[in-house]
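# Breakdown of the fold
For reference, the chains in residue letters:
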Amino acid sequence: MLDTPREFMSPLDQVSDLQATDPVPTGSSVIESRAALVATANLIRLLDSPIRIHIILSLYERPHYVHELVSVIGNSQPLISQHLKVLKDSGIVSATRNGRQMTYCLSAPPVIDVIRAAHEASSYSQEQQ
């Protein structure tokens, strides 16, 4: 196991192999353009974190303050804030100021369907093994 710390990088900061102007892949009936393919890949990268998924699931139940998410998820406030920033920058989460605190809420509820589908697919693949 490597002892070097993993650098925190937003999935949206990563450079994609695909360009939005590239032609549509042959035989693709689910995703109709390269731009949609890139957007889908970015969403999947965004969800590639148990902490972000836990934040999204918590916000699906109700809006939360940062300190509430820290208690629910059990990680440090700076780490939760970092993940909230990534989710906010992507448009999945929004924030409103209430005095000195920020209230975070889920602004893209369909992302829950993606999480459910991923959970079902992972359960299915585990059953097949």
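Read on for an overview of the structure. These figures come from a predicted structure and were not determined experimentally.

## Description of the nonpolar core
Ile55, Ile56, Leu59, Ile80 and Leu84 are the most contacted members of the largest nonpolar core, which totals 21 residues. For this core, the secondary structure elements donating two or more residues are helix H2 (50-61), helix H3 (66-73), helix H4 (77-90), strand E3 (101-106) and helix H5 (111-128).

## Description of the packing of H2 against H4
In the contact formed by H2 and H4, the axes pass within 10 Å of each other and the chain directions differ by 75°. Judged on the interaxial angle alone, H4 and H2 are roughly perpendicular. Of the residues in H4, those touching H2 at Ile51, Arg52, Ile55, Ile56 and Leu59 are Leu79, Ile80, His83, Leu84, Val86 and Leu87. Broken down by class, the residue content of the contact of H2 with H4 amounts to 9 nonpolar, 1 polar and 1 charged.

## Examining the packing of H3 against H4
Packing of H3 against H4 leaves a shortest axis separation of 9 Å and a crossing angle of 110°. One element, H3, and the other, H4, form an angle in the roughly perpendicular class. Where H3 crosses over H4, the handedness of that crossing is right-handed. Taking contact as the criterion, the partners of Val66, Leu69, Val70 and Ile73 in H3 are, on H4, Gln77, Ile80, Ser81 and Leu84. In terms of residue class, the contact of H3 with H4 is built from 6 nonpolar, 2 polar and no charged.

Definitions and cut-offs
- Residues numbered from 1 in each chain as written.
- Predicted model: local features only at pLDDT ≥ 70, side-chain atom pairs only at ≥ 80, totals over all residues.
- Heavy atoms only, no water.
- Core = buried A, V, L, I, M, F, W, Y, C linked by side-chain atoms within 4.5 Å.
- Buried < 20%, exposed > 50% of the residue type's maximum accessible area, 1.4 Å probe, protein only.
- Helix = DSSP H or I, 4+ residues; strand = E, 2+ residues; numbered from the N terminus.
- Axes fitted to C-alpha atoms, helices over the stretch in contact; angles between N-to-C directions.
- Parallel < 35°, antiparallel > 145°, perpendicular 65-115°, else oblique.
- Contact = heavy atoms within 4.5 Å.
- Nonpolar A, V, L, I, M, F, W, Y, C, P; charged D, E, K, R; others polar.
- Left-handed = near helix turned anticlockwise from the far one by under 90°.

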